[in-house]
Amino acid sequence: MLKSAVTAIRGLGFPLPADFLVSAFSNLIALNVGLASLIYRENQSLELTAVQCKIETYIMNVSLQTSRYLIVTASFDRFALCSTNVSLRRFARVRIARRYVIPSLILVLLFIPIHVPILITVKSGSCAFVGIGALYNSIYSLALIGILPPGLMFVFSLLIFRNLRSRQQRRRVHPVATETPALPTDPHWQLKRRDQQVFGMLLVQVGAYMLSSTPYTITILFVVLRTTGSASESREE
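A few points on the structure.

Rules and cut-offs
- Residues numbered from 1 in each chain as written.
- Predicted model: local features only at pLDDT ≥ 70, side-chain atom pairs only at ≥ 80, totals over all residues.
- Heavy atoms only, no water.
- Helix = DSSP H or I, 4+ residues; strand = E, 2+ residues; numbered from the N terminus.
- Buried < 20%, exposed > 50% of the residue type's maximum accessible area, 1.4 Å probe, protein only.
- Contact = heavy atoms within 4.5 Å.
- Areas by Shrake-Rupley, 256 points an atom, 1.4 Å probe, with all protein chains shown as cover.
- Phe/Tyr/Trp six-rings, centres within 6.5 Å; stacked < 30°, edge-to-face > 60°.
- Disulfide = S-S within 2.5 Å.
- Core = buried A, V, L, I, M, F, W, Y, C linked by side-chain atoms within 4.5 Å.
- Salt bridge = Lys/Arg side-chain N within 4 Å of Asp/Glu carboxyl O.

Quick look at the overall build of the protein chain
1) Next: When helices and strands are counted, the protein chain shows eight helices and two strands.
2) Next: Along the protein chain, helices (α) and strands (β) appear in the sequence α-α-α-α-α-α-β-β-α-α when read from the amino end.
3) Next: Burial status across the protein chain gives 31% buried among its 237 residues.
4) Next: In the protein chain, the share of contacts with a sequence separation of at least 24, taken over all contacts with a separation of at least 6, comes to 76%.
5) Next: Carbon and sulfur atoms provide 65% of the accessible area of the protein chain, an area that totals close to 15200 Å².

This is how it looks when you write it as structure tokens:
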């Protein structure tokens, strides 16, 4: 299914950076692990065990975190690509992303949510964090899901707009004289068009993530404040 979708998008002429492909694949893993296991248990009338809960939740957490932070790296990639800094532009290469950035990010994200299989347990037939584990996971979710990814996406988006505006201003001050206008068959025109398409895809993904994560962030923030407030009151008593 993923291969068919990739082929269809390529047929329309849209670019497919490695960040977007791996992000989509990570979401597909999380969707299959969550839904497939739930449907199987419901059909077989099986009870959820602690081992299943730990493994499934950990895989889903790693997959979704990978998807989120790959959008962040894609935002940085677009920022670096339109930067006036030569070193940053050299960093924004497909080969570097495939060989170093994406594998390193996945490796780090395999260790960051290591608390999930340690602290999560089965409660009332479902996976849940209890006690201090619930507070720790809420703070983790607030920082690394609700605040850091959308914050970095927003900052890089602003930097991209600033670089593009600066580039337009330089072109107005120092216009390049051309004998003929750029044609669709011109490699430079095609490269510019692909960059615009990738930037448009990136803006859509960033906007969708920020809109969908805002209610979650507010809810987690409320849970953290309420939990810490209750803990403070208990110590005072």
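Still more ground to cover, so stick around.
Quick notes on the side chain of Ser63
1) Next: Here Ser63 shows up in helix H3 (residues 50–81).
2) Next: Assessed through its relative accessible area of 7%, Ser63 is described here as buried.
3) Next: Each residue touching Ser63, except ones within four places of it in the same chain, is listed here: Ser26, Ile29 and Ala30.

Observations concerning the packing of aromatic side chains
1) Next: Tallied over the entire structure, the rule returns three aromatic pairs.
2) Next: Taking the centre distance of 6.0 Å and the plane angle of 55 degrees together, the rings of Phe76 and Phe79 count as tilted. Remark: Phe79 and Phe76 occur in helix H3; sequence separation between them is three residues, near one turn of the helix.
3) Next: The exposure class of Phe76 is partly exposed, given its relative accessible area of 24%.
4) Next: Taking the centre distance of 5.5 Å and the plane angle of 70 degrees together, the rings of Phe76 and Phe156 count as edge-to-face.

Thoughts on the side chain of Ser75
1) Next: Looking at where Ser75 falls in the secondary structure, it is placed in helix H3.
2) Next: Residue classification places Ser75 among the buried residues on the basis of a relative accessible area of 0%.
3) Next: When residues no more than four places from it in sequence are discounted, the contact partners of Ser75 are Met153, Phe156, Ile160, Leu202 and Val206.

Thoughts on the state of the cysteines
1) Next: Going through the model one piece at a time under the given rule, you end up with one disulfide.
2) Next: Disulfide pairing places Cys53 opposite Cys127 at an S-S distance of 2.1 Å. Residue Cys53 is found in helix H3, and its partner Cys127 is found in strand E2 (residues 126–128); the two are separated by 74 residues along the sequence.
3) Next: In this structure Cys53 comes out as buried when scored by relative accessible area, which is 0%.
4) Next: Judged by its relative accessible area of 32%, Cys127 is partly exposed.

Examining the nonpolar core
1) Next: Core analysis: the biggest nonpolar cluster contains 18 residues, and Met153, Ile160 and Leu202 have the highest contact counts within it.
2) Next: At the level of secondary structure, the elements contributing two or more residues to this core comprise H3, helix H5 (94–111), helix H7 (132–173) and helix H8 (187–236).
3) Next: The element contributing the most residues to this core is H3, with six residues.
4) Next: Once residues within four sequence positions are removed from consideration, Ile160 is found in contact with Ser75, Arg78, Phe79, Cys82, Phe199 and Leu202.
5) Next: If you look at the next biggest cluster of nonpolar residues, it comprises five residues, including Leu48, Cys53, Val116 and Phe129.

Some words on the pattern of salt bridges
1) Next: Counted according to the given criterion, the structure contains one salt bridge.
2) Next: Arg78 is paired through a salt bridge with Asp77; the nearest N and O atoms lie 2.8 Å apart. Each member of the pair, Arg78 together with Asp77, is buried.

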